[in-house]
Amino acid sequence: MQGQGVSLTEFLIQQQRKVAGATGELTLLISDIARACKAIAREVRYGALVGNLGQVGEENVQGEVQQKLDVLSNDIMIAILSRSGHVAAMASEENEDIIVVPKANRGKYLVCFDPLDGSSNININMCIGTIFSILRCPEGVDEPAEEHFLQPGTEQVASGFCVYGPSVTLVLTTGDGAYGFTLDQGVGEFFLTHSDIRIAEEAREFAINMSNWRFWEPPVRRYIEECLQGKEGPLGRDYNMRWIASFVAEAYRILQRGGFWTYPLDEKLKKQGQAGRLRLMYEANPIGFIIEQAGGIVSTGRERVLTLQPTHIHQRVPLFIGARKDIETIEAYHREWDAQQQS
Ligand SMILES: O=P(O)(O)OC[C@H]1O[C@](O)(COP(=O)(O)O)[C@@H](O)[C@@H]1O
Ligand SMILES: [Mg+2]
Ligand SMILES: [Mg+2]
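Residues numbered from 1 in each chain as written. Chains lettered and ligands numbered in written order. Predicted model: local features only at pLDDT ≥ 70, side-chain atom pairs only at ≥ 80, totals over all residues. Heavy atoms only, no water.

A. Representation of the overall build of the chain within the structure. Of the regular secondary structure elements, the chain holds nine helices and 17 strands. Since a compact globule built from 343 residues should have a radius of gyration of about 20 Å, the 20 Å found for the chain is in line with a globular shape. The principal-axis extent of the C-alpha atoms belonging to the chain is close to 60 × 50 × 50 Å. Taken over 343 residues, the chain has a buried fraction of 55%. Of the roughly 14,700 Å² that the chain leaves accessible, carbon and sulfur atoms contribute 49%. Taking the average location of the 33 positive side-chain charges in the chain and that of its 44 negative ones, the two points are 4 Å from each other. (Helix = DSSP H or I, 4+ residues; strand = E, 2+ residues; numbered from the N terminus. Rg over C-alpha atoms; globule rule 2.2 N^0.38 Å. Buried < 20%, exposed > 50% of the residue type's maximum accessible area, 1.4 Å probe, protein only. Areas by Shrake-Rupley, 256 points an atom, 1.4 Å probe, with all protein chains shown as cover. Lys, Arg positive; Asp, Glu negative; His and termini not counted. Charge placed at Lys NZ, Arg CZ, Asp CG, Glu CD.)

B. Focus on the sheet that holds strand 11 (residues 205–207). The strand order 12-11-13-17-15 describes an open sheet built from five strands, whose pairing is mixed. Each edge of the open sheet carries a strand with a single partner, namely strand 12 (240–241) and strand 15 (297–299). Bridging between strand 11 and strand 12 involves two bridges; their strand directions are parallel. Looking at strand 12, one finds that E205 is bridged to N240. Strands strand 11, strand 13 (260–263) and strand 17 (319–322) of the sheet are contacted by helix 6 (residues 247–257), whose axis makes an angle of about 35 degrees with strand 17. Contacting strand 13, strand 15 and strand 17, helix 9 (residues 324–342) runs over the sheet at an angle of about 150 degrees to strand 17. (Pairing = 2+ DSSP bridges. Contact = heavy atoms within 4.5 Å. Axes fitted to C-alpha atoms, helices over the stretch in contact; angles between N-to-C directions.)

C. Structural detail: the pattern of salt bridges. Here the structure, examined in full by the defined rule, presents 26 salt bridges. Measuring nitrogen to oxygen at the nearest pair gives 3.6 Å for the salt bridge that ties R324 to E201. Remark: E201 occurs in the loop between strand 10 (189–194) and strand 11 and R324 occurs in helix 9; sequence separation between them is 123 residues. Using a relative accessible area of 27% as the deciding quantity, one classes R324 as partly exposed. Taking the relative accessible area as the measure of exposure, E201 reaches 40% and is therefore partly exposed. Residue R279 is joined to E283 by a salt bridge in which the shortest nitrogen-to-oxygen separation is 2.8 Å. A relative accessible area of 1% places E283 in the buried class. (Salt bridge = Lys/Arg side-chain N within 4 Å of Asp/Glu carboxyl O.)

D. Examining the coordination of the magnesium ion (ligand 3) more closely. Listed as protein donors to the magnesium ion (ligand 3) are E93 (OE), D114 (OD) and L116 (O); their distances from the metal cover 2.0 to 2.2 Å. Counting gaps between the donor residues of the magnesium ion (ligand 3) yields the pattern E-x20-D-x1-L. Separation of the magnesium ion (ligand 3) from the magnesium ion (ligand 2) amounts to 3.6 Å, with D114 serving as a shared donor to the pair. What makes L116 buried here is its relative accessible area of 0%. (Donors = N, O, S within 2.8 Å, 3.2 Å for Na, K, Ca; no water.)

E. Structural context of the packing of helix 5 (residues 218–229) against helix 9. Close contact between helix 5 and helix 9 brings their axes to 8 Å; oriented N to C, the two are set at 140 degrees. As the angle between them shows, helix 5 and helix 9 are arranged oblique. The hand of the helix 5/helix 9 crossing is right-handed. Where helix 5 approaches helix 9, its residues P218, P219, V220, R222, Y223 and E226 are matched on the opposing element by D326, T329, I330, Y333, H334, E336 and W337. (Parallel < 35°, antiparallel > 145°, perpendicular 65-115°, else oblique. Left-handed = near helix turned anticlockwise from the far one by under 90°.)

F. Highlighting the site of ligand 1. Near ligand 1 you find 17 residues, and of these D117, G118, S119, F247 and Y263 are the closest. In this structure, R277 approaches ligand 1 through a side-chain N or O atom, which is 3.1 Å from an oxygen atom. At a separation of 3.0 Å, an oxygen atom of ligand 1 approaches a polar side-chain atom of R279. Every element with two or more residues in the shell around ligand 1 is listed here: strand 5 (109–117) and strand 13. Counting residues per element, the shell around ligand 1 draws most heavily on strand 5, at three residues. Residues that form the shell around ligand 1 fall into these classes: six nonpolar, four polar and seven charged. (Near = heavy atom within 4 Å. Polar contact = N/O pair within 3.5 Å; in protein donor to acceptor, adjacent residues only side chain to side chain. Nonpolar A, V, L, I, M, F, W, Y, C, P; charged D, E, K, R; others polar.)

G. Representation of the UniProt feature "binding site: substrate" (unreviewed entry) in the chain within the structure. According to UniProt, the feature "binding site: substrate" (unreviewed entry) maps to D117, G118, S119, S120 and N209 in the numbering used here. Mapped onto the fold, G118 is located in the loop between strand 5 and strand 6 (128–136). The contacts of G118, once residues within four sequence positions are left out, are I128, A245 and S246. Secondary-structure assignment places S119 in the loop between strand 5 and strand 6. Within the structure, the side chain of S119 is placed 2.7 Å from the side chain of D70, a separation counted as a polar contact. (UniProt positions renumbered as here; feature names shortened; annotations may be inferred.)

H. Region of the structure containing the nonpolar core. If you look at the biggest cluster of nonpolar residues, it comprises 46 residues, and the most contacted ones within it are F161, L255, W261, I287, L319 and I321. Mapped onto this core, the elements with two or more residues apiece are strand 3 (87–92), strand 5, strand 6, strand 7 (158–164), helix 6, strand 13, helix 8 (280–293) and strand 17. When residues in this core are grouped by element, the largest group, eight residues, is from helix 8. When residues of this core are assigned to domains, at least three fall in each of domain 1 (8–194) and domain 2 (205–342). Excluding anything up to four places from it in sequence, L319 contacts F247, W261, T262, Y263, P264, L278, A284, V298, S299 and V305. With 42 residues, the next largest nonpolar core counts L29, I30, A34 and A41 among its residues. (Core = buried A, V, L, I, M, F, W, Y, C linked by side-chain atoms within 4.5 Å. Domains from an automatic or database assignment.)

In structure tokens:
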């Protein structure tokens, strides 16, 4: 058994010491969220053995049929964050409205989370995860409300996601680089295994749900066609392709070996009255913060995601994440296309 590295707690205290005036509350809050992820990891691991698979038959605010693990993970997050003493209110993918913590237990942070990401993979034993974003509750707020959450992604104090896969990994940023931790199930603690993660400038792998090809906007179709043309094409390099249908697993792959991933706005989503597939507050912004800290880009195809002014907590956005050069070219193709539409 390899000697243990730096534990998550040790790492957070090191980060905390770099910030003048830090109270340690953020360290304790992130430790609480890590504990919630460990509890969720156990429920995921036991799966069918304890009846955790399958649907509950209820529809959530997204119009999606909830899986048992969606509800169980949500309950675990709400229970632990309500008791942490560092949270004023929460916003969850599974709850239409925000959850305000009783006054006696309220703290200074707001937490947005996707308790279980990649739900369509639960029953096929594929990677799923949990995503979280931490914001400050504006000073002097007596009763937290949805409006207090509507802060651009650049205002995030910290964000992270946990992947429940062959091993349980947690990726985190507090605005000073992106770091990966692996859960030692025996010790019950996360240990630092991936320091200062960087994403290569050029992609060799793309990820998009190809079944939506006929609904894509021309700039997206053009770029994917050029990826498929490989080194004989204008991009001059070969690409492999992946689609795991689990945003956390895709983001983890990009952090480990580069590439780009996208869920663009398409005609099908537009017909459904949607502005995108992924949600800004608890999917795009938290993972976006980490991707940017690792040197990647997070775009709607037309603009930076993290400077978007949110309008409501379940807002959806078109999303492109990953290798800088690829996404800058995709943005250029959108500008070109939009200019042609204007002329
Ligand atoms: O089924 P599709 O259209 O490929 O969409 C897959 C996407 O939907 C999601 O599962 C949405 O997230 P949830 O599972 O949290 O609802 C993403 O993780 C994934 O990237
Ligand atoms: Mg999700
Ligand atoms: Mg989810």
